[in-house]
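Here is how the chains run, residue by residue.
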Amino acid sequence: MDSLAGVVRNLTEKQKESENSLIEEKERYRLALESSSDVMFTYDLGRNALDILSLKEDKAGMERIWSEREEERSVHPEDLSTVRFLFRNIKDNMILQFRARFNPGEEFQWMEMSCRAVYDTDNRRSKIIGRIKNIHAEKIEELKRQDEERHDPVTGLLSAKYGIDQVTRDMKKGGGVLILMDVDRFRELNERFGMVFG
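So, here's what we can say about the structure. Bear in mind that the values here come from a model prediction, so they are computed numbers and not experimental data.

### Here's the deal with the layout of surface pockets
Volume-wise, the largest pocket comes out at about 190 Å³. Forming the boundary of the largest pocket are Leu157, Gly163, Val167, Leu178, Ile179 and Leu180. Looking at the lining of the largest pocket, its residues break down into 5 nonpolar, 1 polar and no charged.

### Quick notes on the sheet that holds strand 1 (residues 39-44)
Spatial ordering of the open sheet is given by 2-1-5-4-3, a layout of 5 strands whose pairing is antiparallel. The sheet terminates laterally at strand 2 (49-52) and strand 3 (93-100), the two strands that pair on one side only. Neighbouring strand axes in the sheet, compared pairwise and without regard to direction, differ in orientation by 25° on average. Together, strand 1, strand 3, strand 4 (109-119) and strand 5 (125-134) form the strand contacts of helix 4 (residues 77-88), whose direction differs from that of strand 3 by roughly 155°. Along the sheet, helix 5 (residues 136-150) makes contact with strand 3, strand 4 and strand 5, crossing strand 4 at roughly 115°.

### A word on the pattern of salt bridges
In the structure shown here, the tally under the stated rule is 9 salt bridges. The shortest N-O distance in the salt bridge between Arg47 and Asp44 comes to 3.2 Å. When its relative accessible area of 14% is taken as the criterion, Asp44 is described as buried. The closest approach of N and O atoms between Glu112 and Arg131, which form a salt bridge, is 3.3 Å. Of the two residues, Glu112 sits in strand 4 while Arg131 sits in strand 5, which places them 19 residues apart along the sequence.

### Quick look at helix 4
In this model, helix 4 (12 residues) spans 17 Å end to end at C-alpha, consistent with the 16 Å of a helix rising 1.5 Å per residue. Along helix 4, the residues classified as buried are Asp79, Leu80, Val83 and Phe87. Buried positions in helix 4, seen along its axis, are confined to an arc of 115° and lie on one side of it. Among the exposed residues of helix 4, those oriented more than 90 degrees off its buried face are Glu78, Ser81 and Phe85.

### So, the nonpolar core
Core analysis: the largest hydrophobic core is formed by 20 residues, its most contacted members being Phe41, Phe98, Met113, Cys115 and Ile128. Elements represented by at least two residues in this core include exactly strand 1, strand 2, helix 4, strand 3, strand 4 and strand 5. A total of 4 residues in this core trace back to one element, the largest contributor, which is strand 3.

### Examining unusual backbone geometry
Backbone geometry places Asn123, a non-glycine residue, at a positive phi of 65°. Within the secondary structure layout, Asn123 lies in the loop between strand 4 and strand 5.

### Regarding the pairing of strand 4
In terms of strand pairing, strand 3 meets strand 4 through 8 bridges, oriented antiparallel. Directly across from Phe98, in strand 4, lies its bridge partner Met111. As consecutive antiparallel partners, strand 4 and strand 5 are separated by 5 residues, and within that stretch Asn123 has a phi angle of approximately 65°, a positive value.

### Here's the deal with the pairing of strand 1
The buried fraction of strand 1 is high, at 5 of 6 residues. Relative to strand 5, strand 1 runs antiparallel, the two being bridged by 6 bridges. Bridging across to strand 5, Val39 finds its partner in Ile132. Across 4 bridges, strand 1 lies against strand 2 in antiparallel orientation.

### Side note on a nonpolar patch on the surface
A grouping of Val177, Ile179 and Met181 is seen on the molecular surface, where their side chains present a nonpolar patch of about 440 Å² in accessible area. Mapped onto the elements of the fold, Met181 is located in the loop between helix 6 (160-173) and helix 7 (186-193).

About the thresholds
- Residues numbered from 1 in each chain as written.
- Predicted model: local features only at pLDDT ≥ 70, side-chain atom pairs only at ≥ 80, totals over all residues.
- Heavy atoms only, no water.
- 1 Å grid on protein atoms, 1.4 Å probe; cavity = no way out; pocket = protein on both sides within 12 Å on 5 of 7 lines; lining within 4 Å.
- Points joined across faces, edges and corners; volume = space filled by probe spheres on them.
- Nonpolar A, V, L, I, M, F, W, Y, C, P; charged D, E, K, R; others polar.
- Pairing = 2+ DSSP bridges.
- Helix = DSSP H or I, 4+ residues; strand = E, 2+ residues; numbered from the N terminus.
- Axes fitted to C-alpha atoms, helices over the stretch in contact; angles between N-to-C directions.
- Contact = heavy atoms within 4.5 Å.
- Salt bridge = Lys/Arg side-chain N within 4 Å of Asp/Glu carboxyl O.
- Buried < 20%, exposed > 50% of the residue type's maximum accessible area, 1.4 Å probe, protein only.
- Expected span 1.5 Å × (residues − 1).
- Arc of directions from axis to C-beta.
- Core = buried A, V, L, I, M, F, W, Y, C linked by side-chain atoms within 4.5 Å.
- Patch = residues over 30% accessible without salt bridge, like charges linked within 9 Å, V, L, I, M, F, W, Y side chains within 5 Å.
- Areas by Shrake-Rupley, 256 points an atom, 1.4 Å probe, with all protein chains shown as cover.

Structure below.
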């Protein structure tokens, strides 16, 4: 009987240690959330339920992004099909940039979702855990730089480098036609009407 009591006491102590460890881990997680502007989430595939773990963002707004009936108003129309497909078909890890808004009527903002599939003991995808971070300012700067690289600063037309890159990509796909135009005596146009006209 004493040995049984000893086993139970030992199991109880191990259970308390595990519970204390979980409490400590939960506190670390809470502190990490408080110091971050990211929105953390868990999506339960079996229940089709989203749990938002953010202390900073509008929880109702984030839930709206993944709600079937509200999804179309929350995710930018050009990104919606990609977000739906990738989110529902994630294999292991995924990073996705898309535009979304937290509340109807707000401007769309660029977001980055980084998530990972969680498998249950039967090796089936059961949940998706991840974070959503607002990257709007960085993305706008990136798009601006790309646009500047693609266009000639004087004419606003596509740059020769971008044009050559685009033609090369299209030629690799096969098919298509390339038309080159040359203006005779272009220098005379510049001299007569000015560089801006030319």
